[in-house]
Every structure is written in C-alpha cells, then in structure tokens.
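Chain by chain, the residues run as shown.
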Amino acid sequence: MISFNFDVITLFPKAFELTNNLGVITRALEKNLIEVNLHDLREYGEGSYRQVDDKPYGGGAGMVLKPEPIYKAYESIRKSPKSKTLLMTPQGKVLKQKDLARWSTLDQIIIICGQYEGYDERIRNLADEEISIGDYVLSGGEIPAISIINGLTRLLPGVLGDPDSLVDESHNSSLLEYPQYTRPQVFRNMKVPDVLISGNHKEIELWRKEQQLKRTFNRRRDLMNSNEIKKFDCD
Ligand code: SAH
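All of the points below concern the structure found in this document. Computed from a prediction, not measured in an experiment: that's the story for all the values here.

### Focus on the side chain of Glu129
Then, in step 1: Here Glu129 is to be found in strand β7 (residues 129-132).
Then, in step 2: Residue classification places Glu129 among the buried residues on the basis of a relative accessible area of 14%.

Written as structure tokens, this is what we have:
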C-alpha cells in the first residue's frame, strides 16, 4: 500500500528523474512508501500549440502562466482525505524543517511548479500554502518541488534505516548538529578530539551540547531562543 502520494504539476516532468535517483528516496519508491505522480502541464495547454503562458496584462517583461491549464491539471488529480496543495514561489513562506514534519502526517501533497515570470494571480487560489525554498530566484519550481519531496520522504516511517538519525540532526531542534568524526583518528595532522575517544558517554554528551551551542551561536544566532543565547553568554 502506498502511504504517501506526491502529485506534481510541471512543464518539465523530466526534471523529476533526479528524485528517483537519490539514495534513500529510490528505496522509498521501491518499497512503495511513496509515489510521485507527474502531471505534464503541456498536456493541459490550449489550442494546437498547447499554449500554457501568455503576455501579462498591463505590459512588462516575460510571460506568465495562464490559469486554465493549471486549473485543468489540478482538477484531474484525485485528492486524498489528508491532502495539501503547495505553490512554489519565491514570494512564499520560506521552507523550514518544521513544515516538512507537519506535512509528513498527511497522505498527499500536490505541488504546483511555476516557470517563466510566474503565475496569473488567480492560480494562487488553488494553494493551501505558498512556499519558497529561500530568498533567491530559480528559473522554475521543479528544484524546489524536488527539495520538498526529498526532505519530506526521509521523515516518513520506514524510510531511513535508523530513525534515530532524525533526532539529533540540524534544524530538528533550534540548534545545529555537533561536529562528527569517523576513522582514522589522525588524518593529515588533523586529530579527532580526545573526548570522543574517551568512551565517557556523559562527557561526550556534554561536549556535543556545548559544540552545538557554540556552532549555532557563531553561524546561525537567528535560530537560537533567548534562553540558549543567555546560557551561552554566561558560560
Ligand atoms: N517573477 C517571479 C519569479 C518567477 S521565477 C516573482 O518575482 O515572484 C519562476 C518560477 O520558479 C516561480 O513561479 C516558482 O515556481 C519557481 N521559483 C523560483 N524561485 C523559487 C524559490 N526560491 N522558491 C520556490 N519556487 C521558486
């Protein structure tokens, strides 16, 4: 039984070959934990040229996606009981790990990918949420959609070999992950910190927490709550 469906409306279905070739995601597809259904917008285009875009009213650069093809593609999708529709746009709310966690309890995500200069404004009415993957502009919504499929799939039960790896990682709490090392102990004069080889689990835990605080304080103070910042400042 498929537990999670991604339905994607896109002009470039080929771009999604990448989703099928990304380790953990490939396994989730093979195990039927997810299904990625691609809806080629071109097939819903108008006239013999299958037109999907047009010039903006009022003038201005570029072309915008017409409403009719996207509405038709959207209406062709069978909706599950627990479904949400996301519109990929640099004007949306910036994607956070907690959004992925929130959506992982659904059973379907419908993703609308833009191209060109963007959308006819009426297309926004289809969306439950408008999502940006960061404050920069890409040429289309395919890479943002792949990011969401990838990030959400790894949170689904049965996808990761060791579910504990989700607990400690960056962005799961407000702190970034601590530094990690593996063998060898010394590599080109760079040594693994002694505490990690000490076998003292209490010490290791303390060291990791401190490193997390230090690292987040130096790199991403914006992620920390005031208590954590205060605690760090006093130490
Ligand atoms: N002129 C538009 C941007 C168009 S970019 C504007 O200023 O809002 C073309 C398409 O790429 C968008 O419709 C969207 O689907 C996608 N896209 C580009 N950057 C994105 C981002 N940071 N996050 C999500 N989608 C993005």
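The discussion continues.
### Comments concerning the nonpolar core
Then, in step 1: Judged by nonpolar contacts, the single largest core of 46 residues is most densely connected at Trp103, Ile109, Ile111 and Ile148.
Then, in step 2: Of all the secondary structure elements, the ones that give two or more residues to this core are β1 (4-10), α1 (24-30), β2 (34-40), α2 (67-75), β5 (83-94), α3 (97-103), β6 (108-112) and α4 (142-153).
Then, in step 3: Looking at this core element by element, the count peaks at five residues for α4.
Then, in step 4: Beyond its immediate stretch of four places on either side in the chain, Ile111 contacts Asp7, Val8, Ile9, Leu86, Met88, Ala145, Ile148 and Ile149.

### Some remarks on helix α6 (residues 201-219)
Then, in step 1: An ideal rise of 1.5 Å per residue puts 27 Å on 19 residues; α6 measures up with 26 Å between its terminal C-alpha atoms.
Then, in step 2: For α6, the full list of buried residues reads Ile204, Trp207, Gln211, Gln212, Leu213, Thr216 and Phe217.
Then, in step 3: For α6, the N-terminal capping position is held by Asn200, with its side-chain oxygen 3.2 Å away from the main-chain nitrogen of Lys202.

### Observations regarding the pattern of salt bridges
Note on pairing: side chains with opposite charge can pair once their charged atoms come close.
Then, in step 1: Summed over all chains, the structure comprises 13 salt bridges.
Then, in step 2: The closest approach of N and O atoms between Lys214 and Glu210, which form a salt bridge, is 3.8 Å. Of this pair, Lys214 and Glu210 both sit in helix α6, separated by four residues, roughly a single helical turn.

### Some words on the environment of Ala127
Then, in step 1: Checked against the element boundaries, Ala127 lands in the loop between β6 and β7.
Then, in step 2: The exposure class assigned to Ala127 is buried, which follows from its relative accessible area of 19%.
Then, in step 3: Measuring from C-alpha to C-alpha, the distance between Ala127 and Lys84 comes to 7.9 Å, with 43 residues separating the pair along the chain.
Then, in step 4: Filtering out sequence-adjacent residues up to four positions away, Ala127 remains in contact with Thr85 and Leu87.

### Focus on the site of the ligand
Then, in step 1: Within the structure, the ligand sits among 21 residues, and Met88, Gln91, Gly114, Glu117 and Tyr136 are positioned closest to it.
Then, in step 2: In this structure, a nitrogen atom belonging to the ligand sits 3.3 Å away from a main-chain N or O atom of Thr89.
Then, in step 3: Looking at the shell around the ligand, the elements that each hand over two or more residues are β5 and β7.
Then, in step 4: No other element matches β5, which puts four residues into the shell around the ligand.
Then, in step 5: Class assignment for the residues of the shell around the ligand results in 10 nonpolar, 10 polar and one charged.

### Considering the sheet that holds β2
Then, in step 1: Spatially, β2-β1-β6-β5-β7 is the arrangement adopted by the five strands of the open sheet, whose pairing is parallel. Each edge of the open sheet carries a strand with a single partner, namely β2 and β7. Within the sheet, the average angular offset between the axes of one strand and its neighbour, ignoring direction, is 30 degrees.
Then, in step 2: Of the pairings in the sheet, the one linking β5 to β6 comprises five bridges and is parallel in character. When the sheet's bridge partners are listed, Leu86 is paired in β6 with Ile111.
Then, in step 3: The strands touched by α2 are β1, β5 and β6; relative to β1, the strand with the most contacts, the crossing angle is about 160 degrees.

Scoring rules and cut-offs
- Within each chain, residues carry numbers counting from 1 in the order of the written sequence.
- Given that this is a predicted model, residues contribute local features only at a pLDDT of at least 70 and side-chain atom pairs are listed and counted only at 80 or more, while totals for whole chains, interfaces and linings are drawn from all residues.
- In computing side-chain properties, one takes all heavy atoms of the structure into account and sets aside hydrogens as well as water.
- Labels follow the DSSP assignment, with helices taken as runs of H or I lasting at least four residues and strands as runs of E lasting at least two, numbered in each case from the N terminus.
- Summary of the burial criterion: residues with accessible area below 20% of their type's maximum are buried, those above 50% are exposed, and those between are partly exposed, where the area comes from a 1.4 Å probe applied to protein chains only.
- What we call a nonpolar core is a set of buried Ala, Val, Leu, Ile, Met, Phe, Trp, Tyr and Cys residues that are connected through their side-chain atoms within 4.5 Å.
- Note on contacts: a residue pair is in contact if any heavy atoms of the two residues lie within 4.5 Å.
- Each residue after the first adds 1.5 Å to the expected span of a helix.
- Contacts described as polar in this section are N or O atom pairs within 3.5 Å, which, within protein, must combine one atom able to donate a hydrogen with one able to accept it, while residues neighboring in sequence count only if both atoms come from side chains.
- For this analysis, a salt bridge means a side-chain nitrogen from Lys or Arg found within 4 Å of a carboxyl oxygen belonging to Asp or Glu.
- For each residue, the test is whether any non-hydrogen atom lies within 4 Å of the molecule or strand; if one does, the residue is near.
- Under this grouping Gly is polar, as are all residues other than the nonpolar Ala, Val, Leu, Ile, Met, Phe, Trp, Tyr, Cys and Pro and the charged Asp, Glu, Lys and Arg.
- Between any two strands, at least two bridges found by DSSP are needed for them to pair.
- The angle between two axes is taken between their N-to-C directions and runs from 0 to 180 degrees, where each axis is a line fitted to C-alpha atoms and a helix contributes only its stretch in contact.

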